[in-house]
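Architecture and fold: a report
One-letter residues, chain by chain:
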Amino acid sequence: MSASTLDVDGRSLKVSNLDKVLYPHDQTTKYDVIRYVLSVAEQLLAQLAHRPCTRKRWPNGVEADAFFEKNVPRGTPDWVRTVEVATPGSSTGRDSLVFPVIEHRADLVWLANLAALELHTPQWTVGPRGGIRDADRLVIDLDPGAPAGLEEAVRVGHLVRDRLEADGWTTVPVTSGSKGLHLYASRGRESSPDMLRDYAREIADELSGEHPDRVLSAMRRADRTGKVFLDWSQNVRAKTTVTPYSLRGRSRPWVAAPRTWDELDDPPAVRQILFSEMGHRLERYGDPMAALTTA
């Protein structure tokens, strides 16, 4: 397919190479990716709302090189909201960068057309005038070291959930679309990212002390064999995590998929989720992430 124009909710945007294969293993095309983001637009936009978005792009498909993009590129549609964020110590040498804040279905199509498969966001938000707010949620990345895998990450995730809920947090697990599990939590109020980092580290240290054969809180990769690393550092202001419902740039179109704890108690369900499964999942489970907005 050559370049064409799509109308999305009254916004007109050019798209090109819709038949380009981005996931060769499944022959998933750019057009398929656009259909996916539109099918989960309500849920995905809820996770992107009010957060500056870093994109990871695979313009030649997932078997070719990728790159991270923070600044908005040339040709960004004028309807896309942007926010300037201070980035001290940035590898670009700039004191600030201008990020998109994704708000509309047309924004999702624009990003999909750029082969921005992974959408990454921080745990803090920006206000209506662009002011930086504190974090409204906490995230812990449970990263299993071989031969440990997703099943072990889920078992450790239950330990983390129980510890967080004892302190009044509501938790939602998200299979990452890679190899591990992300655990999101909210208690209905904002907190400074540094405070959340320290709190998450305390929990990681506590659980690694109680379960030294299963849980690791130190970042030394050499120590991860057969254990699950609780990455508490994802909460600092400078870091981002792949957004729930985002695709992943892996060999197949896996998704960072929100799950229910009841579902993960069933061993056959403990696996990563493909984008083709998400429509059925939304019909069956609704949006598990919605639990955090009512926490």
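This text goes with the structure placed above it.
Note that the structure is a prediction, hence the values are computed from the model and not measured.

**Notes on the nonpolar core**
Residues Tyr-36, Ile-102, Leu-108, Leu-119 and Met-278 are the most contacted members of the largest nonpolar core, which totals 47 residues. Of all the elements in the fold, those that place two or more residues in this core are strand S2 (11-15), strand S3 (21-23), helix H1 (30-39), helix H2 (41-48), helix H3 (105-113), strand S9 (116-121), strand S13 (170-175) and helix H7 (278-285). In terms of residue count, H3 provides more of this core than any other element does, six residues in total. Shared between two domains, this core holds at least three residues of each, these being domain 1 (4-133) and domain 2 (134-292). Counting residues in each nonpolar core, the second largest holds 34 residues, with Leu-164, Trp-169, Ala-185 and Ala-204 among its members.

**A look at the sheet that holds S9**
The pairing of strands in a sheet comes from backbone hydrogen bonds and takes either a parallel or an antiparallel form. Pairing is antiparallel across the open sheet formed by four strands, whose spatial order is S6-S5-S9-S17. Pairing within the sheet leaves two strands with one partner each, and these edge strands are strand S6 (67-69) and strand S17 (241-242). Relative to S6, strand S5 (residues 54-57) runs antiparallel, the two sharing three bridges. By the bridge assignment for S6, Lys-56 is matched with Phe-68.

**Comments concerning helix H4 (residues 150-166)**
The first and last C-alpha atoms of H4 sit 24 Å apart over 17 residues, in line with the 24 Å expected at 1.5 Å per residue. Within the span of H4, buried status applies to Leu-150, Ala-153, Val-154, Val-156, Gly-157, His-158, Val-160, Arg-161 and Leu-164. At the C-terminal side of H4, Gly-168 shows a positive phi close to 95°.

Definitions and cut-offs
Residues numbered from 1 in each chain as written. Predicted model: local features only at pLDDT ≥ 70, side-chain atom pairs only at ≥ 80, totals over all residues. Heavy atoms only, no water. Core = buried A, V, L, I, M, F, W, Y, C linked by side-chain atoms within 4.5 Å. Buried < 20%, exposed > 50% of the residue type's maximum accessible area, 1.4 Å probe, protein only. Helix = DSSP H or I, 4+ residues; strand = E, 2+ residues; numbered from the N terminus. Domains from an automatic or database assignment. Pairing = 2+ DSSP bridges. Expected span 1.5 Å × (residues − 1).

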